[in-house]
Amino acid sequence: MNKKLLMIPGLMCNEKLWSKIELNNYKSLPIPKEDSIEKIIKSLDKTISKEEKKVNIIGFSLGGYLALNYLTKYPNKVNKVLVISSSINNLSSKEILLRENNLKRMDIHKIRTLSNNAINQLLENKNDTENISLIKEMFDDLGVDTYKQQLLATLERENLLDMLKEVSNKVLFIASNNDSLVDLTNIKKLCNTNKNFDLKLLDSSSHMIPLEYDYFLYKEILNFF
């Protein structure tokens, strides 16, 4: 495809997340190592502002939330956004506590890698050794310190629903209808009230759509951009 895409991976993912999708004109943007979402967005803007034209952004999971947050702050710098497996909500107090306790547990037990239970929550096919290895590889590439930094920096986040209602850019959400990690409630509200927003659902439990539904995603990217 001719249009350049800026692609933001999710929590503990890197450019290998996109390795199964046969795109040639894209740049994977790592999540900046900052201590808050506000600083992450400002850091992303320093990179995105170097582009000569309005950008097309694809974001996965946490990267999807960051892409939409960026859109609400700098709509004039963005053409379209495609969001994969991502919620637009803030984290509940229960979820924040769960993540904080997870970090404490990792310190106490000196855990340095991703557990099989955590990986199983991400995948529909829990026996796909290639995808399991790739997820572990991305985690190991980035390391536990990056995991802690990304988790702590993104605990406090805004609910983007009201801000996105004011956006006129085209946005496409792609998600699995049984993904336990993504709350679709506000996304459906948004799509029902704003003609510029659309939601396409897979009949699946997969969170890792770029790995498990790569050809479907490839076709959607070509159609949307």
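Given the structure is predicted, the values throughout are model-derived calculations rather than measurements. Throughout this document, residue positions are counted from 1 along each chain, in the order its sequence is written. Per-residue local features of the predicted model are confined to residues with pLDDT of at least 70, and side-chain atom pairs are confined, for both listing and counting, to 80 or more; whole-chain, interface and lining totals are unaffected and use all residues. Hydrogens and waters are ignored; side-chain quantities use all the structure's heavy atoms.

Draft legend 1. Highlighting the packing of aromatic side chains. Each Phe, Tyr or Trp ring (for Trp, its six-membered ring) is paired with any other whose centre lies within 6.5 Å, and the angle between the two planes then decides the class: stacked below 30 degrees, edge-to-face above 60, tilted in between. Per the counting criterion, the structure on display carries five aromatic pairs. Relative to Y74, the ring of Y70 has its centre 4.8 Å away and its plane inclined at 35°; by these criteria the two rings are tilted. On the basis of an interplanar angle of 70° and a centroid distance of 4.9 Å, the ring pair of F224 and F225 is categorised as edge-to-face. For the pair F224 and F225, one class covers both residues: buried. A ring is scored as having a charge over it whenever the NZ atom of a lysine or the CZ atom of an arginine sits within 6 Å of its centre and within 35 degrees of its normal. The ring of F224 has K80 lying over it, and the distance from NZ or CZ to the ring centre is 5.0 Å. Between buried and exposed lies partly exposed: a residue is buried under 20% and exposed over 50% of the maximum accessible area for its type, with that area taken using a 1.4 Å probe on protein chains only.

Draft legend 2. Molecular detail of the pattern of salt bridges. Each reported salt bridge corresponds to a side-chain nitrogen of Lys or Arg within 4 Å of a carboxyl oxygen of Asp or Glu. In this structure the tally under the stated criterion is eleven salt bridges. Here K16 and D141 are joined by a salt bridge, their closest N and O atoms 2.7 Å apart. Pair noted here: K16 is in the loop between β1 (5-8) and β2 (26-28) and D141 is in helix α5 (residues 129-142), with a separation of 125 residues, a long-range link. For D45, the salt bridge goes to K77, with nearest N and O atoms at 2.9 Å. Residue D45 is found in helix α1 (residues 37-48), and its partner K77 is found in the loop between α2 (62-73) and β4 (78-84); the two are separated by 32 residues along the sequence. Accessibility expressed as a relative area gives 12% for D45, which makes it buried. The class for K77 is partly exposed, based on a relative accessible area of 30%. Each of K16, E137 and D141 takes part in one network of salt bridges that share partners. Only runs of H or I of at least four residues qualify as helices and only runs of E of at least two qualify as strands under DSSP, and these elements are numbered from the N terminus.

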